[in-house]
Amino acid sequence: MNTHAKSVAEECSKASDDGHLSFPQTLAKLAAAGIEAYYADLRRGVKVYYLPDGESIEIAGHRTAAAVAERFDAAAVETAVRLSQANAHSYEDFRGMIMAAGCPGYLVSILGRRVVYFGRTAETHVEHFPS
């Protein structure tokens, strides 16, 4: 196991959940540790970080009792993203907003510089990292 990558994943997961690291800061730290992507499973409160060699690191985080809405609302997900980019709310608020918008999870591709948000029936909304 890559202990350095695991340590960075743990640090970034906790710091982003607690609001001590912004999304761009998190991405920079993860990339420097060789992590190329991660998946946030909001229903389970787990993030899985992926390394190029196929290794993955699962980190338990905050689990919310909130249910994921049945219908996916891409516009509401986009609104939550824009508010997050403007530092207008916490990660906990962001998570609640996208779950209310029917998003049970998302995949962050550091290599692809994008985030894919998806609904319960596999609808998607893609956000490219700001330049």
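Since we're looking at a predicted model, the values are computed, not measured.

### Comments concerning the nonpolar core
Judged by nonpolar contacts, the single largest core of 34 residues is most densely connected at I98, Y106 and Y117. For this core, the secondary-structure elements that each account for two or more residues are α1 (3-18), α2 (23-32), β1 (37-41), β3 (56-60), α3 (74-85), α4 (91-100), β4 (105-109) and β5 (114-118). Once you skip the residues sitting within four places of it in the chain, I98 turns out to touch L42, V77, A80, C103, Y106 and Y117.

### Description of unusual backbone geometry
With phi around 55 degrees, N87 is a residue other than glycine that occupies positive phi space. Examined against the element boundaries, N87 turns out to sit in the loop between α3 and α4. In this model, A122 sits at a positive phi of 75 degrees, which is unusual for a non-glycine residue. Along the chain, A122 falls in the loop between β5 and β6 (124-128).

### Considering the packing of α3 against α4
For the pair α3 and α4, interaxial distance at closest approach is 8 Å and the crossing angle is 170 degrees. Judged on the interaxial angle alone, α4 and α3 are roughly antiparallel. Residues V77, A80, V81, L83 and S84 of α3 lie in contact with α4, whose contacting residues are F94, M97 and I98. The residue inventory of the contact of α3 with α4, partitioned by class, reads seven nonpolar, one polar and no charged.

### Considerations on the packing of α1 against α2
Viewed as axis vectors pointing N to C, α1 and α2 meet at an angle of 175 degrees, and their least axial separation amounts to 10 Å. When the axis of α1 is compared with that of α2, the two are roughly antiparallel. Across from V8, A9, E11, C12 and S16 in α1, the residues of α2 making contact are T26, K29 and L30. Here the residues of the contact of α1 with α2 are counted per class, giving four nonpolar, two polar and two charged.

### Considering the packing of aromatic side chains
Per the counting criterion, the structure on display carries eight aromatic pairs. A ring pair is formed by Y38 and Y106, whose centres lie 6.5 Å apart and whose planes are at 70 degrees; its orientation type is edge-to-face. With a gap of 68 residues between them, Y38 in strand β1 and Y106 in strand β4 connect regions that are remote in the sequence. You can call Y38 buried: its relative accessible area is 4%. When the ring of Y106 is compared with that of Y117, the centres are 5.4 Å apart and the planes differ by 45 degrees; the resulting orientation is tilted. Remark: Y117 occurs in strand β5 and Y106 occurs in strand β4; sequence separation between them is 11 residues. An aromatic cluster is built from Y38, Y49, Y91, F94, Y106 and Y117, whose rings are joined through pairwise contacts.

How each quantity is defined
- Residues numbered from 1 in each chain as written.
- Predicted model: local features only at pLDDT ≥ 70, side-chain atom pairs only at ≥ 80, totals over all residues.
- Heavy atoms only, no water.
- Core = buried A, V, L, I, M, F, W, Y, C linked by side-chain atoms within 4.5 Å.
- Buried < 20%, exposed > 50% of the residue type's maximum accessible area, 1.4 Å probe, protein only.
- Helix = DSSP H or I, 4+ residues; strand = E, 2+ residues; numbered from the N terminus.
- Contact = heavy atoms within 4.5 Å.
- Axes fitted to C-alpha atoms, helices over the stretch in contact; angles between N-to-C directions.
- Parallel < 35°, antiparallel > 145°, perpendicular 65-115°, else oblique.
- Nonpolar A, V, L, I, M, F, W, Y, C, P; charged D, E, K, R; others polar.
- Phe/Tyr/Trp six-rings, centres within 6.5 Å; stacked < 30°, edge-to-face > 60°.

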